[in-house]
Amino acid sequence: MCLGIPAKVIELYEANGMKMAKVDFGGVVKEACMEYVPEVKIGDYTIVHVGFALSILDEKEAFETMELLKQIEALGEEGTAA
Amino acid sequence: MKYLDEYRDADLTRKLLADLQKTITRPWTLMEVCGGQTHSIIRSGLDRMLPREISLVHGPGCPVCVTPLELVDKAVALASRPDVIFTSYGDMLRVPGSDRDLFAVKAAGGDVRIVYSPLDALEVARKNPEKTVVFFAIGFETTAPANAMAVLQAKAQGLANFAALVSHVVVPAAITALMESADVKIDGFLAAGHVCTVMGFWEYEPLAEKYKIPIVVTGFEPIDLLHGILDCVRELEAGRYGVRNAYARSVTRDGNRSAQAVIQKVFETTDRAWRGIGVIPMSGYRLREEFAAFDAELRFPEIQSIETHESPLCISGLVLQGRKKPDECPAFGKECTPQTPLGATMVSSEGACAAYYRYGRYEKETNREGR
Ligand code: SF4
């Protein structure tokens, strides 16, 4: 029920006075409310729960975390080889 | 898909597992708080790949599972009324009430509708002005912004025929309750990444301090979970405790302020009973006085007192507190299956019993393929 899934924002509009969007969950397009991420732009990835975007995924943070994990990996490999 | 595939990478998984093995020197028990994490762990088989020293226990973070029986029975009573259209997230329909579930009400002709979002329930209310449209507003802090917004919008749009049956719960109070119970042994928590997306993680800092326990904000994909486990084990091995964020692409310390503001506007904190666990002080939300007109329990006062009966076989309360694993329940895979569930943990897509069943963890007992 409350599994949040990343979705790409493909269209922005207004309905019933609320900021809404069409979002793409890897091929499945649905409507989601953007009231909680007012700064959202087309092309952003958001975490959507029960039809509401709760965050805009931070590309820089994602990149840095991944780099960090890969460094662990490199260190780990050295460790094994030694 | 971006933000999914790279967090399921098999090579990186193997390497992080190897690093974890090198880091760990003694046994640790970690609890993943959220049922979504439990499902991801069991589905990917991560729990079987982890170093033997790590024992993962499954937490209470399944909203469907902890919705008290009394409220399920109230939902059944409301949904049975001819003047009501009852709307709910799909997972709630098969949750056993004292004598039947919402699905049975629907099968018997009750107007029960599954909605994906509470905004869909508003739409039903708009289209059916002659009926009262009740929405089953359950969940943790992840659904609270959506459910609160639905109530706010109902008021703003003058949808007087909309009402919410509210059963909201919050995570920090549950962590406190777990830590205060003497026989629960947990060394570290993997906090639920999406709850923290909404609420931030500052609320966990005093808890980590008070109970001297690391709490790591963790996401849902295998790499995210390993990242969280690795951070938690590092803290434990170094004798540190504090709050760390292993899900920084979605979570900030402050969380989503505008979502918090709407939750605060619509809801207030209250004591709440958790199914199988009991009443936890200040662990839930109820509608504020200002929104009393949208409170289904006030609108239909005759549903107030219903006698409830829980299955005597079900130990879901122990499962939800990490004291027992689902396959330690004598009814698991026998009297209790997803087709004939005795407890809510066997129904919900985030329930631990359902995860164990679905991903074949009953093979030992029944010698069948688990699918
Ligand atoms: S297996 Fe069924 S009866 Fe046993 S704890 Fe889980 S839900 Fe309850």
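In what follows, the accompanying structure is described. Quick caveat: nothing in here was measured; it's all calculated off a predicted structure. (Residues numbered from 1 in each chain as written. Chains lettered and ligands numbered in written order. Predicted model: local features only at pLDDT ≥ 70, side-chain atom pairs only at ≥ 80, totals over all residues. Heavy atoms only, no water.)

Side note on the pattern of salt bridges
To keep things clear, this is the line we draw: We count a salt bridge whenever a side-chain nitrogen from Lys or Arg sits within 4 Å of a carboxyl oxygen from Asp or Glu. Accessibility here uses a 1.4 Å probe with only protein chains present; expressed as a share of the type maximum, an area under 20% marks a residue as buried, one over 50% as exposed, and anything in between as partly exposed. Under the DSSP-based scheme used, a helix requires at least four consecutive residues in state H or I and a strand at least two consecutive residues in state E, with every element numbered from the N terminus.
Applying the stated criterion across every chain yields a total of 25 salt bridges over all chains. Salt-bridge contacts for A:Asp44 lead to A:Lys41; the nearest nitrogen and oxygen are separated by 3.7 Å. The exposure class assigned to A:Asp44 is buried, which follows from its relative accessible area of 15%. A:Lys41 gets classed as exposed once you look at its relative accessible area, which sits at 52%. The shortest N-O distance in the salt bridge between B:Lys127 and B:Glu123 comes to 3.9 Å. Residue B:Lys127 and its partner B:Glu123 are both found in helix α7 (residues 118-127); the two are separated by four residues, about one turn of the helix. With a relative accessible area of 30%, B:Glu123 lands in the partly exposed category. Via salt bridges that share partners, B:Asp231, B:Glu235, B:Arg240 and B:Arg244 belong to a single interconnected network.

Regarding the site of the ligand
To be explicit about the condition: One heavy atom within 4 Å of a molecule or strand is enough for the residue carrying it to be called near that molecule or strand. Asp, Glu, Lys and Arg are counted as charged, while Ala, Val, Leu, Ile, Met, Phe, Trp, Tyr, Cys and Pro are counted as nonpolar; the rest, among them Gly, fall into the polar class.
Taken together, B:Cys314, B:Ile315, B:Ser316, B:Cys329, B:Ala331, B:Phe332, B:Cys336, B:Leu342, B:Gly343, B:Thr345, B:Met346 and B:Cys353 form the complete shell of residues around the ligand. For the shell around the ligand, the per-class residue count stands at nine nonpolar, three polar and no charged.

Quick notes on the nonpolar core
Our working definition: In plain words, nonpolar cores are sets of buried Ala, Val, Leu, Ile, Met, Phe, Trp, Tyr and Cys residues tied together by side-chain atoms within 4.5 Å. In what follows, a contact means two residues having at least one pair of non-hydrogen atoms within 4.5 Å.
The biggest cluster of nonpolar side chains holds 147 residues, and the ones touching the most others in it are B:Phe86, B:Phe162, B:Phe189 and B:Tyr204. Top contributing element to this core by residue count: helix α12 (residues 222-237) of chain B, with eight residues. With residues up to four places along the chain from it excluded, the contact list for B:Tyr204 reads B:Val171, B:Pro172, B:Ile175, B:Val195, B:Cys196, B:Ile215 and B:Val243. Counting residues in hydrophobic clusters, the runner-up holds 11 residues, among them A:Ala7, A:Ala21, A:Val23 and A:Val48.

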